[in-house]
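The chain contents come next:
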Amino acid sequence: MLGRVNHIAIAVPDLAAATTTYRDTLGARVSQAQALPEHGVTVVFVELPNTKVELLEPLGADSPIAAFLEKNPSGGMHHICYEVEDIIAARDRLKAGGARVLGDGNPKTGAHGKPVLFLHPKDFDGTLVELEQV
Ligand SMILES: CC[C@H](C(=O)O)C(=O)SCCNC(=O)CCNC(=O)[C@H](O)C(C)(C)COP(=O)(O)OP(=O)(O)OC[C@H]1O[C@@H](n2cnc3c(N)ncnc32)[C@H](O)[C@@H]1OP(=O)(O)O
Ligand SMILES: [Co+2]
């Protein structure tokens with residue numbers, strides 16, 4: 001079911017500072033910031049030869065990453081995104097196996113304009129899993 005790792009996400013308290021760290025200190029290519037109000041975050045992507053790192057900071061009052069940053073004020077690894085060919089088939093197979101799909105269970109459009117879903121971290125070894133249909 002799983003394809004490539006599309007991105008690994010790091011939640012940060014200050015996206016501009018984290019962008020400077022990756023661009024200047026680490027010499028990486030970093031995209032322009034994308035505000036995603038429907039997801040409660042602003043993101044940039046660090047472009048790497050074999051995958052991407054998504055840096056994300058809260059956007060708005062109800063950001064889903066606010067509690068994470070309260071527990072991890074310096075930031076931290078937030079989720080891993082795997083590519084799938086058929087996100088509905090993946091969702092249905094996972095739900096049939098008892099996994100919790102977050103939100104209303106229907107895919108939303110992610111930062112890449114593709115359908116995404118999130119799976120509860122408690123069902124996947126303490127790791128928030130995002131699936132992106134490619
Ligand atoms: C889609 C746009 C973009 C893209 O790539 O295209 C993005 O990736 S946007 C990313 C931001 N959006 C999301 O993360 C949506 C899914 N996330 C959620 O719905 C919440 O963050 C949730 C439910 C995973 C956690 O919410 P919250 O922290 O408010 O709830 P709890 O405090 O009740 O947490 C429950 C339990 O899970 C642990 N937890 C929370 N976040 C994480 C995490 N990132 N990794 C691992 N574990 C996590 C939390 O510590 C609680 O554990 P407990 O032992 O009960 O304290
Ligand atoms: Co993501």
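Quick note: structure is the one above.
Just so we're clear, the structure is a prediction, and the values are computed from it rather than from any experiment. (Residues numbered from 1 in each chain as written. Chains lettered and ligands numbered in written order. Predicted model: local features only at pLDDT ≥ 70, side-chain atom pairs only at ≥ 80, totals over all residues. Heavy atoms only, no water.)

A. Broad picture of the coordination of the cobalt ion (ligand 2). Every protein donor of the cobalt ion (ligand 2) is accounted for by His7 (NE2), Glu54 (OE), His79 (NE2) and Glu130 (OE), and the metal-donor separations fall at 2.1 to 2.4 Å. In primary sequence terms, the donor set of the cobalt ion (ligand 2) follows H-x46-E-x24-H-x50-E. With histidine 7 in strand β1 (residues 5-11) and glutamate 130 in strand β9 (residues 128-133), this residue pair connects regions lying 123 residues apart in the sequence. For the residue pair histidine 7 and glutamate 130, the accessibility class agrees, reading buried in each case. (Donors = N, O, S within 2.8 Å, 3.2 Å for Na, K, Ca; no water. Helix = DSSP H or I, 4+ residues; strand = E, 2+ residues; numbered from the N terminus. Buried < 20%, exposed > 50% of the residue type's maximum accessible area, 1.4 Å probe, protein only.)

B. Just the site of ligand 1, in detail. The immediate surroundings of ligand 1 are formed by 23 residues, with Glu54, His78, His79, Ala111 and Lys122 found nearest. Measuring from an oxygen atom of ligand 1, one finds a side-chain N or O atom of glutamate 54 at 2.7 Å. Contact distances for ligand 1 include 3.0 Å between an oxygen atom and a side-chain N or O atom of glutamate 130. When isolated, ligand 1 has an accessible area of 1,100 Å², and the protein chains bury 70% of it. Of all the cavities here, the one that holds ligand 1 is the largest pocket. For the shell around ligand 1, the secondary structure elements donating two or more residues are β5 (52-58), α2 (66-71), β6 (76-84), β8 (115-119) and β9. Taken together, the residues of the shell around ligand 1 sort by class into 13 nonpolar, six polar and four charged. (Near = heavy atom within 4 Å. Polar contact = N/O pair within 3.5 Å; in protein donor to acceptor, adjacent residues only side chain to side chain. Areas by Shrake-Rupley, 256 points an atom, 1.4 Å probe, with all protein chains shown as cover. 1 Å grid on protein atoms, 1.4 Å probe; cavity = no way out; pocket = protein on both sides within 12 Å on 5 of 7 lines; lining within 4 Å. Sits in = over half its atoms within 2 Å of the grid points. Nonpolar A, V, L, I, M, F, W, Y, C, P; charged D, E, K, R; others polar.)

Just geometry here; none of it tells us what the structure is for.
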